[in-house]
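Listed below are the residues making up each chain.
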Amino acid sequence: VILNSNYSLCEDGYNLIRTKGSIYETNINNSLSDGLDLDFSDINISNLNIDSSQNDCIDMSYGTYIINKAKISNCGDKGISIGEKSNVSIFSSVIKFANLGVAAKDSSKVFIKKTNISNTKYCLAAYRKKQEFSGAYVNSENINCKNSNKAFDVDAHSKIIKKGLLVKQGNK
């Protein structure tokens, strides 16, 4: 499957719910809210390209997701948002110009092999947003953070592991 969206008139460029399968390529530009919203799904994305979403460029919840290669830019809020018990693997990504590069929250587990994040408030955040969940867990092997206010933001309920070491609040 190949998904393309440009200046969508809908709230999200695409919203996939209870979907299982593979997406070879996704090209989404100029979304009114989220570029790609995935809920209750099991999806493997080979190539993800999202530019100019007024909210999150990609938002994933309640599912299992694999992103092999992503280029994400100009996001109104989060480049990659992961929540509500999701399990996500990101193998290679470039994220530019977002409030948060990658946000993991609410009992989610995230593995990041390699990512380059620039021009964000935070490169990587892990936190509990909703009280019915626990915090998030993020394991990143190779993260390059440039031109950001702060590399990491992690609350007391969550963990970020960078190259095998536990990141504490305020660490680079």
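Note: the structure precedes this text.
Draft legend 1. Highlighting the overall build of the chain. When you go through the chain residue by residue, the secondary structure sums to 0 helices and 15 strands. Relative to a compact globule of 172 residues, whose C-alpha radius of gyration would be 16 Å, the chain shows 15 Å and is just as compact. Dimensions of the chain, computed from the C-alpha atoms along their principal axes, are close to 40 × 30 × 25 Å. Expressed as a percentage of its 172 residues, the buried residues of the chain come to 49%. Across the chain, contacts joining residues at least 24 apart in sequence account for 28% of those joining residues at least 6 apart. Carbon together with sulfur atoms contributes 47% to the accessible area of the chain, which is approximately 8,200 Å² in total. In the chain, which carries 22 positive and 17 negative side-chain charges, the distance between the mean positions of the two groups comes to 10 Å.

Draft legend 2. Here's a closer look at the state of the cysteines. If you walk through the whole model with that rule in mind, you get 2 disulfides. Linked covalently through their sulfurs, Cys57 and Cys75 form a disulfide whose S-S length is 2.1 Å. Between Cys57 and Cys75, the S-S dihedral sits near -105°, and the bridge is therefore left-handed. With Cys57 in the loop between strand S5 (42-53) and strand S6 (58-61) and Cys75 in strand S7 (residues 64-75), this residue pair connects regions lying 18 residues apart in the sequence.

Draft legend 3. Spatial organisation of the pattern of salt bridges. This model, assessed by the stated rule, comprises 4 salt bridges. We note a salt bridge from Lys130 to Glu84, for which the minimum N-O separation is 2.7 Å. Taken together, the residues span a long stretch of sequence, with Lys130 in the loop between strand S11 (109-127) and strand S12 (137-146) and Glu84 in the loop between strand S8 (78-83) and strand S9 (87-90) at a distance of 46 residues. In this structure Lys130 comes out as partly exposed when scored by relative accessible area, which is 32%. The class for Glu84 is buried, based on a relative accessible area of 11%. The partner of Glu141 in a salt bridge is Lys113, with the nearest N and O atoms 3.0 Å apart. You can see Glu141 sitting in strand S12 and its partner Lys113 sitting in strand S11, a full 28 residues away along the chain. Each of Asp56, Asp77 and Lys78 takes part in salt bridges that share partners, so that together they form one network.

Draft legend 4. Spotlight on unusual backbone geometry. Of note, the phi angle at Asn74 is positive, near 60°, even though the residue is not glycine. Within the secondary structure, Asn74 is located in strand S7. The phi dihedral of Ser107 falls on the positive side, at around 65°, and the residue is not glycine.

Draft legend 5. Inspection of the environment of Lys163 at higher detail. By secondary structure assignment, the location of Lys163 is in the loop between strand S14 (159-162) and strand S15 (165-167). When its relative accessible area of 57% is taken as the criterion, Lys163 is described as exposed. For the pair formed by Lys163 and Asn49, sequence separation is 114 residues and the distance between their alpha carbons is 26 Å. Leave out the neighbours within four places in its chain, and Lys163 touches Ser140 and Glu141.

Draft legend 6. Structural detail: the side chain of Asp77. The topology assignment puts Asp77 in the loop between S7 and S8. Separated by 2.7 Å, the side chains of Asp77 and Lys78 make a polar contact. Ignoring sequence-local partners within four residues, the contact set of Asp77 consists of Gln54, Asn55, Asp56, Ala98, Asn99 and Leu100.

Draft legend 7. Here's a closer look at a nonpolar patch on the surface. Taken together, the side chains of Ile17, Phe40 and Tyr62 define a hydrophobic patch exposed on the protein surface, amounting to about 280 Å² of accessible area. Within the secondary structure, Tyr62 sits in the loop between S6 and S7.

What counts, and where the lines are drawn
Residue positions are given per chain, counted from 1 along the sequence in the order it is written. For this predicted model, a pLDDT threshold of at least 70 governs which residues receive local features, and a threshold of 80 or more governs which side-chain atom pairs are given and counted, while totals over whole chains, interfaces and linings are taken from all residues. The basis for the side-chain values is all heavy atoms of the structure; hydrogens and waters are excluded. Helix and strand assignments come from DSSP, with helices taken as H or I runs of at least 4 residues and strands as E runs of at least 2, each series counted from the N terminus. Radius of gyration here is computed from C-alpha atoms only, and the compact-globule reference equals 2.2 Å multiplied by the residue count raised to the power 0.38. Under the scheme applied here, a residue whose accessible area is under 20% of the maximum for its type counts as buried, over 50% as exposed, and between as partly exposed, the area being computed with a 1.4 Å probe on protein chains only. Working rule for contacts: check all heavy atoms of both residues, and any pair within 4.5 Å makes them a contact. Accessible surface area values rest on a Shrake-Rupley calculation with a 1.4 Å probe, where residue burial reflects the displayed protein chains alone. Here the positive residues are Lys and Arg and the negative ones are Asp and Glu; neither His nor the chain ends is included. By convention, charge coordinates are those of NZ in Lys, CZ in Arg, CG in Asp, or CD in Glu. Our working definition of a disulfide is a cysteine sulfur pair at a distance within 2.5 Å. Salt bridges are defined by distance alone: a side-chain nitrogen of Lys or Arg within 4 Å of a carboxyl oxygen of Asp or Glu. By the criterion applied in these results, polar contacts are pairs of N or O atoms within 3.5 Å in which, for protein atoms, one can donate a hydrogen and the other can accept it, and in which residues neighboring in sequence qualify only through two side-chain atoms. Here a patch means residues that are over 30% exposed by relative accessible area and free of salt bridges, tied together within 9 Å if like-charged and within 5 Å if nonpolar (Val, Leu, Ile, Met, Phe, Trp, Tyr).

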